[in-house]
Amino acid sequence: MKNRIKEFRAKYDLTQEELANKVSIRRETIVFLEKGKYNPSLKLAHNIATVLKTTIDELFIFDDE
Amino acid sequence: MKLRKDKDILRFLGIGLVVVLLGATMLIFQTHSKAVSFLGGGLILGGLIMFVMALYAATKPKTDLIVDERVVRINEKAGYNAGWIVLLSVTVLFWADKIWALNIELEGMYWTTLFVGTYSWLLLRWYYNKRSEI
């Protein structure tokens, strides 16, 4: 699953560490999320979307795979 | 190498040190009882492990130690598969004992189980963390 976390993070000038702190997860998890190598739970996706002032639909690109 | 010196790290280091000192005291003042000497040795070992763990944690940023949902998933998956590996190894040992009459004693069995379980869990955790897709 692709996502636009990196793009939104840059928009709000947040580092991976800052975003990780805001949603109480490891920076490593943000790295894997941005690479599209980890699918977050609905709760985490919601938390990230809230911090980045957007919606889950905007942030995550659901493809058929 | 930069070490964190926050309250949690210092507390853990302190407890480790106290445990080591307690173990050393038991060893120094107790010369007759083997059980107390064994306990003292165990406390020293435990305290040293705590000390090393605290030092290791001090080298990592605080956010690298959070147990988030990804870590929970990795632990669960590694634990599940380690459980199957333990079951498989016990089954293999059981049948090998039956077929070739190896005379495996219960003590040997539980050391094997502990060894296989612990190391397979640690290895699988490392593997799933590297592989990233959980």
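Described in the following lines is the structure provided in the data block. (Residues numbered from 1 in each chain as written. Chains lettered and ligands numbered in written order. Predicted model: local features only at pLDDT ≥ 70, side-chain atom pairs only at ≥ 80, totals over all residues. Heavy atoms only, no water.)

Let's shift gears to the nonpolar core. Residue and element names in this part refer to chain A. Core analysis: the biggest nonpolar cluster contains 18 residues, and Ile5, Ile25, Leu33, Leu44, Ile48, Leu52 and Leu59 have the highest contact counts within it. Of all the elements in the fold, those that place two or more residues in this core are helix H1 (5–11), helix H2 (16–22), helix H3 (27–34) and helix H4 (42–51). Broken down by element, the residue count for this core peaks at four residues, all from H4. Other than its neighbours up to four places away in sequence, leucine 59 contacts Lys2, Asn3, Arg4, Ile5, Phe8, Ile48, Ala49, Leu52 and Thr54. (Core = buried A, V, L, I, M, F, W, Y, C linked by side-chain atoms within 4.5 Å. Buried < 20%, exposed > 50% of the residue type's maximum accessible area, 1.4 Å probe, protein only. Helix = DSSP H or I, 4+ residues; strand = E, 2+ residues; numbered from the N terminus. Contact = heavy atoms within 4.5 Å.)

Once that is clear, we can look at helix H3 (residues 69–100) of chain B. In this model H3 of chain B runs 46 Å from its N-terminal to its C-terminal C-alpha over 32 residues, within 8% of the 46 Å that 1.5 Å per residue would give. Looking only at H3 of chain B, the buried set comprises Arg70, Val71, Ile74, Ala78, Asn81, Ala82, Val86, Ser89 and Ala96 of chain B. Summarising the contacts, the buried residues of H3 of chain B are in contact with H3 of chain A together with helix H4 (106–131) of chain B. The first or second residue beyond H3 of chain B is alanine 101 of chain B, which carries a positive phi of 45°. (Expected span 1.5 Å × (residues − 1).)

Next up on the list: the interface of chain B and chain A. With 14 residues of chain B in contact, the opposing surface of chain A contributes 15 residues. Contact between chain B and chain A buries roughly 1300 Å² in total, counting both sides, with carbon and sulfur atoms accounting for 45%. Among the residues of chain B in contact with chain A, Thr63, Glu69 and Arg70 of chain B are the three that bury the most area, contributing 40% of the side total. Linking chain B with chain A are one salt bridge. Linking arginine 70 of chain B and glutamate 28 of chain A is a salt bridge whose minimum nitrogen-to-oxygen distance equals 3.9 Å. Run the count over chain B and chain A and you get eight residue pairs in polar contact (both at pLDDT 80 or more). The leading source of residues in the side of chain B that touches chain A is H3 of chain B, at four residues. (Buried area = accessible area lost by both parts, 1.4 Å probe. Salt bridge = Lys/Arg side-chain N within 4 Å of Asp/Glu carboxyl O. Polar contact = N/O pair within 3.5 Å; in protein donor to acceptor, adjacent residues only side chain to side chain.)

Everything listed is a geometric property; what it means functionally is a separate question.
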